[in-house]
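So the chains spell out like this:
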Amino acid sequence: MNSPHTAKWRFKLGIAIICLMLGSWLMVPVAAALEVPGSKIAALSGVLFISNKILLILVIAVMGKAGFQQLKRSVFGYVSGLVPSMDNEVGPVRHRIGIVMFCLPLISAFLEPYVDTFWPGLRPNLWQAQVLGDAMLIGSFFVLGGNFWEKVHALFVRTARVSDSSTV
């Protein structure tokens, strides 16, 4: 069993390695800004992908099982607080807003290639608009509540059946 002092520095070293893993990806946009050839940027991305997997194994080895479990608890403890509750019923206005937020980015992404083919130059090619659409889609899950996620999940379960509680 590790002493508390040993476990503390090992946990901090593991966190530092994780920061190194995430920070190493900043080399890709820096290389692009320095106009490094695309083949070298692709090679760099491949090296980073593989090295990050190796560093993750190193993190687990350095932290030990207890430290890695503590890291998972703290990260997932924070994320679980953001997950929508399944207990609260979503009102009709919130449901309509959430459905628009859910459908609009999907329809827009579906129609983009056709708009670009039939009406070139009509649609502005702004990455900010695409990020907004992605954020809107993700935000729709929070607006629609936890029960909506169950409904989406049921789409992928072959034996799932629809049960409408309002007709009872």
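Cut-offs and rules
- The residue numbering used here restarts from 1 in each chain and proceeds along that chain's sequence as written.
- Only residues with pLDDT of at least 70 are given local features in this predicted model, and only at 80 or more are side-chain atom pairs given and counted; all residues enter the totals for whole chains, interfaces and linings.
- Computation of side-chain values: all heavy atoms of the structure, hydrogens and water removed.
- UniProt positions are given in the numbering used here, feature names are shortened, and annotations may be inferred rather than shown by experiment.
- In this description a helix means any DSSP run of H or I spanning at least four residues, a strand means any run of E spanning at least two, and both kinds are numbered starting from the N terminus.
- Per residue, pLDDT captures the predictor's confidence, and it can take any value from 0 to 100.
- We call two residues in contact when some of their heavy atoms are within 4.5 Å.
- Pairing of aromatic rings covers Phe, Tyr and Trp, the last counted by its six-membered ring, and requires centre-to-centre distances within 6.5 Å; plane angles under 30 degrees mean stacked, over 60 mean edge-to-face, and any other angle means tilted.
- Note on classification: 1.4 Å probe, protein chains only; a residue is buried when its accessible area is under 20% of the maximum for its type, exposed when over 50%, partly exposed between these limits.
- Expected span of a helix, by definition, is 1.5 Å for each gap between consecutive residues, and there is one gap fewer than residues.
- Residues with no salt bridge and a relative accessible area higher than 30% make up the patches, which join like charges within 9 Å and nonpolar side chains (Val, Leu, Ile, Met, Phe, Trp, Tyr) within 5 Å.
- Calculation of accessible area relied on Shrake-Rupley with a 1.4 Å probe; when residues are assessed, cover is drawn exclusively from the protein chains displayed.
- Whenever Lys or Arg places a side-chain nitrogen within 4 Å of a carboxyl oxygen from Asp or Glu, that contact is recorded as a salt bridge.
- The set of buried Ala, Val, Leu, Ile, Met, Phe, Trp, Tyr and Cys residues whose side-chain atoms join them within 4.5 Å is what this entry labels a nonpolar core.
- Under this scheme, a helix contributes an axis fitted over its contacting stretch, all axes are lines through C-alpha atoms, and angles between N-to-C directions fall in the 0 to 180 degree range.
- Here a crossing is taken to be left-handed if its near helix is turned anticlockwise relative to the far helix by less than a right angle, and right-handed if that turn runs clockwise.
- Residues are grouped as follows: nonpolar covers Ala, Val, Leu, Ile, Met, Phe, Trp, Tyr, Cys and Pro; charged covers Asp, Glu, Lys and Arg; every other residue, Gly included, is treated as polar.

Looking at an unreviewed UniProt entry, one finds the protein named Transporter suffix domain-containing protein and attributed to Pseudomonas viciae.

**Q** Help me understand the UniProt feature "transmembrane region" (unreviewed entry) in the protein in this model?
**A** Taking the numbering used here, the UniProt-annotated feature "transmembrane region" (unreviewed entry) corresponds to residues 43–64, 97–115 and 127–149. Helix makes up 100% of residues 43–64 and strand 0%, and the two end C-alpha atoms of the span are 32 Å apart.

**Q** Whenever I open this one, the confidence of the model for the protein confuses me. Can you help?
**A** Atom-level detail of predicted coordinates should not be read off regions where pLDDT is low. Predicted confidence across the protein gives a mean pLDDT of 82, with 87% of residues reaching 70 or more. No element of the protein has a lower mean pLDDT than helix 6 (residues 146–154), at 78, and none a higher one than helix 2 (residues 27–33), at 90.

**Q** Would you explain the side chain of Asn-52 in this entry?
**A** Tracing the backbone through its elements, the reader meets Asn-52 in helix 3 (residues 38–80). If sequence neighbours within four positions are ignored, Asn-52 has contacts with Met-21, Ser-24 and Trp-25.

**Q** Hey, could you run me through the packing of aromatic side chains in this one?
**A** Two numbers describe a pair of aromatic rings. These are the distance of the centres and the angle of the planes. All chains considered together, the criterion is met by five aromatic pairs. Considering the side-chain rings of Phe-141 and Phe-148, the 5.9 Å spacing of their centres and the 45 degrees angle between planes classify their relative orientation as tilted. The class for Phe-148 is buried, based on a relative accessible area of 10%. An aromatic cluster is present here, built from Phe-102, Phe-141 and Phe-148 joined pairwise through their rings.

**Q** What exactly am I supposed to notice about helix 5 (residues 127–144) here?
**A** Since one α-helical turn is 3.6 residues long, residues separated by three or four positions face the same way. With 18 residues, helix 5 extends 26 Å from end C-alpha to end C-alpha; this agrees with the ideal 26 Å at 1.5 Å per step. Listing the buried residues of helix 5 in full gives Gly-133, Gly-139, Ser-140 and Leu-144. Elements in contact with the buried residues of helix 5: helix 4 (92–118) and helix 6. Trailing helix 5 by a residue or two, Gly-145 shows a phi angle of about 90 degrees, which is positive.

**Q** Explain a nonpolar patch on the surface here, please?
**A** Together, Ile-107, Phe-110, Leu-111, Tyr-114, Phe-118, Trp-119 and Leu-122 line one region of the surface with nonpolar side chains, adding up to about 830 Å² of accessible area. Along the chain, Trp-119 turns up in the loop between helix 4 and helix 5. Taking the relative accessible area as the measure of exposure, Trp-119 reaches 52% and is therefore exposed.

**Q** I'm lost on the nonpolar core in this one. Help?
**A** Generally speaking, a soluble globular protein has its nonpolar side chains buried in company with each other. Core analysis: the biggest nonpolar cluster contains 10 residues, these being Phe-11, Ile-17, Ile-18, Met-21, Leu-55, Val-59, Val-62, Met-63, Phe-68 and Leu-71. Here the element with the most residues in this core is helix 3; it accounts for six residues. Once residues within four sequence positions are removed from consideration, Met-21 is found in contact with Asn-52, Leu-55, Leu-56 and Val-59.

**Q** In this structure, what is going on with the packing of helix 4 against helix 5? I would like to understand it.
**A** Packed helix pairs are specified by the crossing angle of their axes together with the interaxial distance, meaning the distance between the axes. At a closest axis distance of 8 Å, the pairing of helix 4 and helix 5 adopts a crossing angle of 150 degrees. The crossing of helix 4 and helix 5 is left-handed. Residues Arg-94, His-95, Gly-98, Ile-99, Met-101, Phe-102, Leu-104, Pro-105, Leu-106 and Glu-112 of helix 4 form the contact with helix 5, whose participating residues are Gln-130, Gly-133, Met-136, Leu-137, Gly-139, Ser-140, Phe-141, Phe-142, Val-143 and Leu-144. Grouping the amino acids of the contact of helix 4 with helix 5 by side-chain chemistry returns 12 nonpolar, six polar and two charged.

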